[in-house]
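Summary of structural features
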Protein chains: 2
Amino acid sequence: MKQYGFGVDVGGTTVKIGLLEMTGTLLESWEIPTRLENSGGFILEDIAASIRGKIAEKNLEIGDIQGVGLGVPGPVLADGTVCKCINLGWGVFNVERELSEKLSLPVRAGNDADVAALGEQWRGGGAGYQNLVMVTLGTGCGGGIILNGRIVHGAHGAAGEIGHLIMREDEPETCGCGKHGHLEQYASATGIVRLARQALDSSERESALRDLPEITCEAVFQAAKQGDALAEELVDDFCHTLAVGMADIANVIDPEAFVLGGGVSKAGEMLRGRVEEYYRKLAFHVCEGTTITLATLGSDAGIYGAAGLLLNL
Amino acid sequence: MKQYGFGVDVGGTTVKIGLLEMTGTLLESWEIPTRLENSGGFILEDIAASIRGKIAEKNLEIGDIQGVGLGVPGPVLADGTVCKCINLGWGVFNVERELSEKLSLPVRAGNDADVAALGEQWRGGGAGYQNLVMVTLGTGCGGGIILNGRIVHGAHGAAGEIGHLIMREDEPETCGCGKHGHLEQYASATGIVRLARQALDSSERESALRDLPEITCEAVFQAAKQGDALAEELVDDFCHTLAVGMADIANVIDPEAFVLGGGVSKAGEMLRGRVEEYYRKLAFHVCEGTTITLATLGSDAGIYGAAGLLLNL
């Protein structure tokens, strides 16, 4: 293992870049804008230029650099081929080869949700576990599966697409993917807001949520904390539905731990504790005790995880 | 890789043993009774004696034998420790070490459902796939997960316990495991018989099933084949519920293929075709095309898979 590595988290607005010691210490992180013009054709050159600049600035020896890890918002095949990163305008090409040629360094790429899971497994809430599932609760609901310390990609890059677990086949509303009754329609920021609006519209019940100019996920959790009965029920349903999904995941791959991350996980123990309570009741008996923990790296998970891709070079 | 290997499938009534070429050809198979007296304490010595006998009979050189693979009806930890095989009377001990000492050959052990999955992946319906899920539809519903050609055990030996996926939380009847609404309560031989009895008891509908002295899973599939409307609905529900479970499995590990095995899979294309039809509708879009195939090794899957455990020695 060489001394340094770069971890790059490519988002639709900014690219986050970190310089790490390969022992797992983030030395420095910075951001550059994601240039979407030219079908995202400048992005890799911008990343390469930024890394070249940092190497020069720090006077790093190329021989001391393990490589560059890259998390991208879309499926990545085992050989480094990206298959349409819609948010970046990218089509199908080998992102590892292309960036590697620009920098003369080894490059490894992965899907951003998977890479964040690897980051939490390496240096975050899942540290110490070789087998875990990260549940990312943000606008949507995503996930990443780590087995034996490595990302499970799946035959179509869809391993860990836990937001599309089927919870209620009779759900009339449509999931973002076009099908019905998926976990993401209940256990995500969008999901809880949707259910809050439904609950307010379908009854005359009093709730602090009625006074808000706009209902957000954060506001629902906040109101629940302050004892608002309707908000409490919504949070409770959220945790219950998520726990059913997690119990099902355990029946498939039986991880050592679940790590709850994403914006919604800022609700902290209120979320984790309730999910754990339902999970303990719902899970297959031998998996009832699976650890459920919160992510700790926040938006740096992608940088750590991207560098973590270089550990198995 | 050495030339020969033994595959042993330990059941509650008989032990099936096979002598294989490690290229994957079954040369010979035979059975010995499973002696349950003395808390199953004679079983390993009986297996060792039978293998010694075959080695002598065939004049095999010990140096030409890769080892002995063993499938057992219970959880097996990565180090070869079995944790209570209730049907055999076994407690907790290292089955690999104990059999290895008797034979002076390497021994590798695995759970029987996992081992059957490995057998189908190596030489059966899943040949050619490195990543598959075997769905075993027998009295109950079990499964085995193969990733990169290797069994996934899970942190508590519960990976592939797909019979306990939660399908209907409002199910009043209890699963064998003590919880409610699990896949096995619908998609298994016991499950379809239970639902058939419910359907007959709760209506006056005509059905050929009413004339049977005893309702069996086979009889329900047979009646459905002959156009019995009630039986057709039961088979349809079976396939639908199973397909929901498989769509959920795909969202977790996204296998290349599903292999349907176990006694119920003798229904053949009637089962496979309908499951596939529902799966294509229900699965997350990128996984809609996952191969769904029938197991081909029947009761020899365990022998093949047990020998397959020796491939990674």
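As the structure is a computational prediction, the values presented were derived from the model and not from experiment. (Residues numbered from 1 in each chain as written. Chains lettered and ligands numbered in written order. Predicted model: local features only at pLDDT ≥ 70, side-chain atom pairs only at ≥ 80, totals over all residues.)

1. With respect to the relation of the copies chain B and chain A
Applicable threshold: The copies were overlaid by least squares, fitting only the C-alpha atoms of residues that reach a pLDDT of 70 or more in each copy. Any pair of residues counts as being in contact when their C-beta atoms, constructed from backbone geometry, are within 7 Å of one another.
Once turned by 180° and shifted 0.0 Å along the axis, chain B lies on chain A with an RMSD of 0.0 Å. The superposition of one copy onto the other is thereby described by a two-fold rotation axis. The residues that chain B uses at the interface reappear at the interface of chain A in 97% of cases, marking a shared surface.

2. A word on the environment of I192 of chain B
Residue and element names in this part refer to chain B. Quick reminder of the rule: Each helix is a run of H or I in the DSSP string that is no shorter than four residues. Each strand is a run of E no shorter than two, and both are numbered from the N terminus.
Within the secondary structure layout, I192 lies in helix α5 (residues 189–201). Separated by 11 residues in sequence, I192 and G181 have C-alpha atoms that sit 14 Å apart. Excluding residues within four positions of it along the chain, I192 makes contact with C217, V220, L234 and F238.

3. Some points on the interface of chain B and chain A
Taken together, the 33 residues of chain B in the interface contact 32 residues of chain A. For the side of chain B that touches chain A, the secondary structure elements donating two or more residues are β9 (141–147) and α7 (229–253) of chain B. Sort the elements by how many residues they give to the side of chain B that touches chain A and α7 of chain B lands first, with eight residues.

4. Quick word on helix α4 (residues 112–123) of chain A
Residue and element names in this part refer to chain A. The cut-off we apply is this: Working rule for helices: expected span equals 1.5 Å times residues minus one. Exposure classification rests on a simple neighbour count of other C-beta atoms within 10 Å of a residue's own: a residue reaching 20 or more is buried, one at 12 or fewer is exposed, and one in between is partly exposed. C-beta atoms are placed from the backbone.
Over its 12 residues, α4 runs 16 Å from end to end, which matches the ideal 16 Å to within 8%, given 1.5 Å per residue. Among the 12 residues of α4, 12 are classified as buried, and the element is accordingly described as predominantly covered. Along α4, the residues classified as buried are D112, A113, D114, V115, A116, A117, L118, G119, E120, Q121, W122 and R123.

5. Quick notes on the pairing of strand β6 (residues 90–94) of chain B
Residue and element names in this part refer to chain B. Rules: One bridge is not enough; two strands pair if DSSP finds at least two bridges between them.
Where strand β5 (residues 81–85) meets β6, four bridges bridge the pair, whose relative direction is antiparallel. Considered in β6, the bridge of V82 is made with F93. Between β5 and β6, which pair antiparallel and follow one another directly, the connecting turn spans four residues, one of which, G89, has a positive phi of 85°.

6. A closer look at helix α6 (residues 217–225) of chain A
Note: α-helices contain 3.6 residues per turn, so residues at a spacing of three or four share the same orientation. Residues and elements named next belong to chain A. Basically, it comes down to this: The directions from the helix axis to the C-beta atoms are what the arc is built from.
Residues C217, V220, F221, A223 and A224 constitute the buried set of α6. Taken down its axis, α6 places every buried residue within 160° of arc, on the same side. On the buried face of α6, the contacting elements are α5 (189–201), α7 (229–253) and α8 (269–282). Taken from the residues just after α6, G227 is the one with a positive phi, measuring 95°.

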